[in-house]
Amino acid sequence: MLAWKASCADLLHDFARAAFLFSPNPTVQEYVINNHVQADKDAAERLIAKWLLPEGTLETERSRLMASLVTTLWKEWGEFCNHTGGYEKEYMWIAACDGKTPPHLWHS
């Protein structure tokens, strides 16, 4: 536990937290549903701000766009976790569970 405490800040960067939240692996998904914390969601939102918001956008437009993107993200994440909406097709989850399909290709 001491080793974890000494290195957790370096390991829990935004990319790792987002990968944890959005993993299609059923074991990870189950763990996420029961164990994610607000810091994980905050990390995903920081990545949206960093990668998806155009630079040079006026603050009011930037705030409006961020609100829209974050609202869509958490709505679709809820559907993803519950296998509803665009994630209700059984074949998507079979590919994620079969152990043969690499996780980054399951939805291709």
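Each chain has its residues counted from 1, running along the sequence as written. Under the rules for a predicted model, residues below a pLDDT of 70 receive no local features and side-chain atom pairs below 80 are neither given nor counted, while totals for whole chains, interfaces and linings still include all residues. Hydrogens are left out, water is left out, and the side-chain values use all remaining heavy atoms of the structure.

A short note on the packing of aromatic side chains
Pairing of aromatic rings covers Phe, Tyr and Trp, the last through its six-membered ring, and needs centres within 6.5 Å; plane angles under 30 degrees mean stacked, over 60 mean edge-to-face, and all others mean tilted. Under the defined criterion, the tally for this structure stands at 5 aromatic pairs. Plain terms: the ring middles of Phe-22 and Trp-74 are 6.3 Å apart, the flat faces sit at 35 degrees to each other, and that makes the pair tilted. You can see Phe-22 sitting in helix H2 (residues 14–22) and its partner Trp-74 sitting in helix H5 (residues 59–82), a full 52 residues away along the chain. Per-residue accessibility, obtained with a 1.4 Å probe over protein chains only, is compared with the maximum for each type, and a residue is labelled buried under 20%, exposed over 50%, and partly exposed between these values. The exposure class assigned to Phe-22 is partly exposed, which follows from its relative accessible area of 31%. With a relative accessible area of 17%, Trp-74 lands in the buried category. Judged by centre distance (5.4 Å) and plane angle (90 degrees), the rings of Phe-80 and Tyr-87 are edge-to-face. A relative accessible area of 22% places Tyr-87 in the partly exposed class. Working definition: helices are DSSP H or I runs of at least four residues, strands are E runs of at least two. Numbering for both runs from the N terminus.

None of this, on its own, says anything about what the molecule does.
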